[in-house]
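Results of the structural survey
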Amino acid sequence: MEVKIGVLHTPREIVLESGQSAEEVESAVSAALAGKAQLLSLTDDKGRKVLVPAERLAYVEIGEPTVRKVGFGPL
């Protein structure tokens, strides 16, 4: 699923494809915003970790799971 993270005072957002479920991403964001964790830590599909300080989070957008289309039909 696609996750977009807005960081304060940064013109670009962080975009990553994650294998985590929407509930896992939401609970990690909630823990960071509640002060239980100082960093928002997410892992993308390639195994790379993305760490963002909780006090710098502007927004987190959780997208729908991506479905890869296969074949020659219309897109």
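Residues numbered from 1 in each chain as written. Predicted model: local features only at pLDDT ≥ 70, side-chain atom pairs only at ≥ 80, totals over all residues. Heavy atoms only, no water.

Going by the annotation in an unreviewed UniProt entry, the name recorded for the protein chain is DUF3107 domain-containing protein, with Streptomyces citrinus given as the source organism.

**Description of the overall build of the protein chain**
Each helix and strand counted, the protein chain has 1 helix and 5 strands in total. Start at the N end of the protein chain and walk to the C end: the helices and strands fall as β-β-α-β-β-β. Residues counted as buried form 23% of the 75 residues belonging to the protein chain. Sequence-distant contacts, at least 24 apart, represent 49% of the contacts inside the protein chain between residues at least 6 apart. Summed over all atoms, the accessible surface of the protein chain reaches about 5700 Å², with 53% contributed by carbon and sulfur. (Helix = DSSP H or I, 4+ residues; strand = E, 2+ residues; numbered from the N terminus. Buried < 20%, exposed > 50% of the residue type's maximum accessible area, 1.4 Å probe, protein only. Contact = heavy atoms within 4.5 Å. Areas by Shrake-Rupley, 256 points an atom, 1.4 Å probe, with all protein chains shown as cover.)

**Things to note about the side chain of Ser18**
Structurally, the position occupied by Ser18 is in the loop between β2 (14–17) and α1 (22–34). Among the polar contacts made by the side chain of Ser18, one reaches the main-chain carbonyl oxygen of Thr43 at a distance of 3.0 Å. Residues contacting Ser18, with those up to four places away along its chain left out, are Met1, Val3, Thr43, Asp44 and Asp45. (Polar contact = N/O pair within 3.5 Å; in protein donor to acceptor, adjacent residues only side chain to side chain.)

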